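Chain and residue survey
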Amino acid sequence: MSDRKRSTALALASALAGSAVLFTAPAAHAAVVDVAYDCKTPIGDKSAVSPIDIKSVKEGDGYKLTMSFQKGVSSSPIELGKGAMSPSAVIVVGGAEKVSVPVSGPSNPEAVPPDTPIKITDLSGTYTPKKSGKVTFTAGVLTIKAMGTTTTCTPGNNPGPSLELDVTAPGGGGGGTQPGTDTTGDTLPQTGPTDSALALGTLGGTVLLAGAAGVLWLTRRGQRARS
């Protein structure tokens, strides 16, 4: 291989490597966090620990948040019939801005036997950032309404965030970094606008084109020098 061809190949390989780094940069972190709830119930104080995770999906200008409970919390001395229990909670946002996002979910799809930990259905709500930057999402107060009573469960162990990600406010308010896209399921939550990958792809393409243009310019310059 001639020196000129070898230089061209190295330049293109370097540009492609730069693009790959852009695509693999992480934009969010998720974790299942144990939350120790201290509950004020109609029959006295109760406590329970439930692992909780929070997922996010970009929807329009905001992010749909889903809060999932992996274990039941509190209990009832009598059976709760199907649809008798209505859950809601708040997700505490920290970082670039500090707000609380209300989330709610459907009532219990099946009857809950007496003295059995109540399994909370997935709770969801929408967060629309007013500032761009890195934010965290942490489980807040849980409220359970059933048969005319209200049970309030407060995290007592100062739990850490279940989700951390970069967000962009509508209009780009507040500065900050571009959001990325995560996976869903058991890994990372789905986040970031659909055009994030396109934006990174465009930047990567620019690097690639710049590298190729540089090689062509050097090649043509060498040809003119020999003529």
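For the structure itself, consult the block above.
Residues numbered from 1 in each chain as written. Predicted model: local features only at pLDDT ≥ 70, side-chain atom pairs only at ≥ 80, totals over all residues. Heavy atoms only, no water.

Notes on the packing of aromatic side chains
Taken as a whole and assessed by the stated rule, the structure comprises 3 aromatic pairs. When the centroid spacing of 5.4 Å and the interplanar angle of 80° are considered together, the rings of Tyr127 and Phe137 count as edge-to-face. Taken together, the residues Tyr127 in strand E7 (residues 123-127) and Phe137 in strand E8 (residues 133-146) connect sequence positions 10 residues apart. Classification of Phe137 as buried rests on a relative accessible area of 0%. (Phe/Tyr/Trp six-rings, centres within 6.5 Å; stacked < 30°, edge-to-face > 60°. Helix = DSSP H or I, 4+ residues; strand = E, 2+ residues; numbered from the N terminus. Buried < 20%, exposed > 50% of the residue type's maximum accessible area, 1.4 Å probe, protein only.)

Thoughts on the nonpolar core
One finds Tyr37, Met67, Ile120, Tyr127, Phe137 and Leu142 to be the most contacted residues of the largest nonpolar core, which totals 34 residues. Mapped by element, the contributors of at least two residues to this core are strand E2 (33-41), strand E3 (44-59), strand E4 (62-69), strand E5 (85-95), strand E6 (99-104), E7, E8 and strand E10 (163-167). With 6 residues, the single largest contributor to this core is E8. Residues within four places of Met67 in sequence aside, it is in contact with Tyr37, Ile52, Asp53, Ile54, Ala89, Ile91, Val103, Asp122, Leu123, Ala139 and Gly140. (Core = buried A, V, L, I, M, F, W, Y, C linked by side-chain atoms within 4.5 Å. Contact = heavy atoms within 4.5 Å.)

A few points about the environment of Ser50
Tracing the sequence through the fold places Ser50 in strand E3. Once the C-alpha coordinates of Ser50 and Ser68 are considered, the two residues, 18 residues apart in sequence, prove to be 9.6 Å apart.

Examining the pattern of salt bridges
Per the stated rule, a full pass over the model turns up 3 salt bridges. Asp53 serves as the salt-bridge partner of Lys55, at 2.7 Å between the closest nitrogen and oxygen. For Lys55, a relative accessible area of 28% translates into the label partly exposed. A residue is classified by how much of its surface remains accessible, and Asp53, at 11% relative accessible area, is buried. (Salt bridge = Lys/Arg side-chain N within 4 Å of Asp/Glu carboxyl O.)

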